[in-house]
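An overview of the molecular structure
As a plain string of letters, each chain reads:
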Amino acid sequence: MPPVGPAPTTLVLTGATSGIGEAVARLLIPRVTRLIVHGPQHPGEMDRFLGRLRDLGHSEVHYVPANFDDLAAVGALADRIAALTDQVDVLINNAGRPGPPTRQLSIDGNELTLQTNYLAPVLLTERLTALLRAAHGRVVHVSSATHLSASLEPDDLNMEHTAYSSTVAYARSKLGLVAHARWLVDQAPSPRFDAVSVHPGVIRTELLHAMFDIGGAPAAQGARNVLQAALSTDAWDGQYLAEDRSAPPNPAALDPDFRSRLMMQTFRLMRHVSADGRSFSVGLDGA
Ligand SMILES: NC(=O)c1ccc[n+]([C@@H]2O[C@H](COP(=O)([O-])OP(=O)(O)OC[C@H]3O[C@@H](n4cnc5c(N)ncnc54)[C@H](OP(=O)(O)O)[C@@H]3O)[C@@H](O)[C@H]2O)c1
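In this text, all values refer to a predicted model and were calculated from it rather than measured experimentally.

1. A few points about the packing of helix H4 (residues 112–127) against helix H6 (residues 166–186)
Close contact between H4 and H6 brings their axes to 7 Å; oriented N to C, the two are set at 15 degrees. Judged on the interaxial angle alone, H6 and H4 are roughly parallel. Here H4 runs over H6; the crossing is right-handed. Counting all contacts with H4, which are made through Thr-113, Leu-114, Asn-117, Tyr-118, Pro-121, Val-122 and Thr-125, the residues of H6 involved are Ala-169, Tyr-170, Ser-173, Lys-174, Gly-176, Leu-177, His-180 and Leu-184. For the contact of H4 with H6, the residue count by class is eight nonpolar, six polar and one charged.

Written as structure tokens, this is what we have:
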């Protein structure tokens with residue numbers, strides 16, 4: 001296990017309201033100066049949750065809501081984060097959902113699992129790029145070992161021509177994240193930031209039990225793996241971690257042609273996203 005560095009100043013953690021994310025937040029509180037936690041719930045419902053976190057240490061804790069089923073809400077989330085800080089040392093894209101039993105579309109017209117688990121974190125990362133660069137920071141995508149068996153056709157991201165199942169949709173979304181971490185490092189304009197994807201382990205959470213009839217380890221174990229990915233002093237340079245060590249990813253993620261086709265189609269799906277009706281373009285040179 002590589003050395004874990006000193007606590008970062010500002011850390012953004014999505015999906016902090018349950019499971020692995022909540023366990024990560026609890027481990028981070030004593031170590032981090034400012035923790036910005038995200039969840040889908042309205043802030044009015046989060047007082048007790050935030051109170052429990054604040055009791056654990058002296059960190060400044062902020063809660064920012066967004067439902068990832070709506071990409072405009074992700075844009076608004078990035079704006080709220082930017083209003084709280086001028087740099088992000090670590091962004092942990094942990095929020096995720098199981099695939100629904102049948103194919104569903106988000107309000108943006110995208111396959112729901114792809115949107116929540118892949119398009120939303122890619123968009124959030126894109127919108128926080130300046131703050132990550134300001135800190136020479138790091139993006140951690142919480143992926144899954146299920147990505148190893150996935151195939152993802154960039155021309156059919158929304159599964160219009162691909163046989164749907166909840167686990168297929170989930171695994172594809174996680175392959176997207178593994179490829180995106182590599183793509184981020186590949187095209188890293190200066191000042192650069194680091195990126196990594198991590199399988200946290202098979203962890204006993206609602207998400208796991210919605211898709212698989214298996215037990216799983218406690219959330220704290222998955223949280224330790226995510227934390228190591230986030231706080232290691234060594235640069236990961238886009239690697240995939242299976243729990244606490246570097247591992248070969250799905251070969252598609254290593255293929256530069258696959259990555260660039262994936263990102264072309266990804267930016268096409270995100271093109272018209274705006275938090276407040278203003279249009280903005282995302283991607284390289286507004287691609
Ligand atoms: N558990 C495992 O064995 C396992 C294995 C591999 C990878 N993972 C990954 O680990 C991450 C954490 O999952 P978990 O197992 O801890 O599951 P979890 O307990 O269900 O937590 C998922 C988190 O994402 C949030 N979330 C779900 N849908 C959302 C949406 N539409 N918009 C915004 N936030 C949303 C949840 O909010 P609420 O619950 O508060 O509604 C929760 O905070 C996920 O990315 C998952 O794919 C888990």
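That was the structure; now back to the text.
2. Thoughts on helix H3 (residues 71–84)
With 14 residues, H3 should reach 20 Å at 1.5 Å per residue; the first-to-last C-alpha distance of 20 Å fits that figure. Here H3 has its buried residues at Leu-71, Ala-73, Val-74, Gly-75, Ala-76, Leu-77, Ala-78 and Ile-81. Summarising the contacts, the buried residues of H3 are in contact with strand S1 (10–13), strand S2 (34–39), strand S3 (60–65), H4 and helix H9 (256–270). Where H3 begins, one side-chain oxygen reaches toward the backbone nitrogen of Ala-72, 3.0 Å away; that side chain belongs to Asp-70.

3. Concerning the side chain of Ser-173
Inspection of the secondary structure puts Ser-173 in helix H6. If near-sequence neighbours (up to four positions away) are discounted, Ser-173 is found in contact with Thr-113, Leu-114, Asn-117 and Tyr-118.

4. Concerning the environment of Asp-86
Topologically, Asp-86 is positioned in the loop between H3 and strand S4 (90–93). Once you skip the residues sitting within four places of it in the chain, Asp-86 turns out to touch Leu-131 and Ala-134.

5. A look at the nonpolar core
In terms of nonpolar packing, the biggest core is built from 48 residues, with Ile-81, Tyr-118, Leu-124, Leu-128 and Leu-262 touching the most fellow members. Elements represented by at least two residues in this core include exactly H3, H4, helix H5 (129–134), H6 and H9. Broken down by element, the residue count for this core peaks at nine residues, all from H6.

6. Observations concerning the pairing of S3
Pairing analysis gives six bridges linking S2 to S3, with the strands arranged parallel. In the strand pairing of S3, Arg-34 is matched with Glu-60.

The rules behind these values
Residues numbered from 1 in each chain as written. Predicted model: local features only at pLDDT ≥ 70, side-chain atom pairs only at ≥ 80, totals over all residues. Heavy atoms only, no water. Axes fitted to C-alpha atoms, helices over the stretch in contact; angles between N-to-C directions. Helix = DSSP H or I, 4+ residues; strand = E, 2+ residues; numbered from the N terminus. Parallel < 35°, antiparallel > 145°, perpendicular 65-115°, else oblique. Left-handed = near helix turned anticlockwise from the far one by under 90°. Contact = heavy atoms within 4.5 Å. Nonpolar A, V, L, I, M, F, W, Y, C, P; charged D, E, K, R; others polar. Expected span 1.5 Å × (residues − 1). Buried < 20%, exposed > 50% of the residue type's maximum accessible area, 1.4 Å probe, protein only. Polar contact = N/O pair within 3.5 Å; in protein donor to acceptor, adjacent residues only side chain to side chain. Core = buried A, V, L, I, M, F, W, Y, C linked by side-chain atoms within 4.5 Å. Pairing = 2+ DSSP bridges.

On their own, these measurements won't tell you what the molecule is for.
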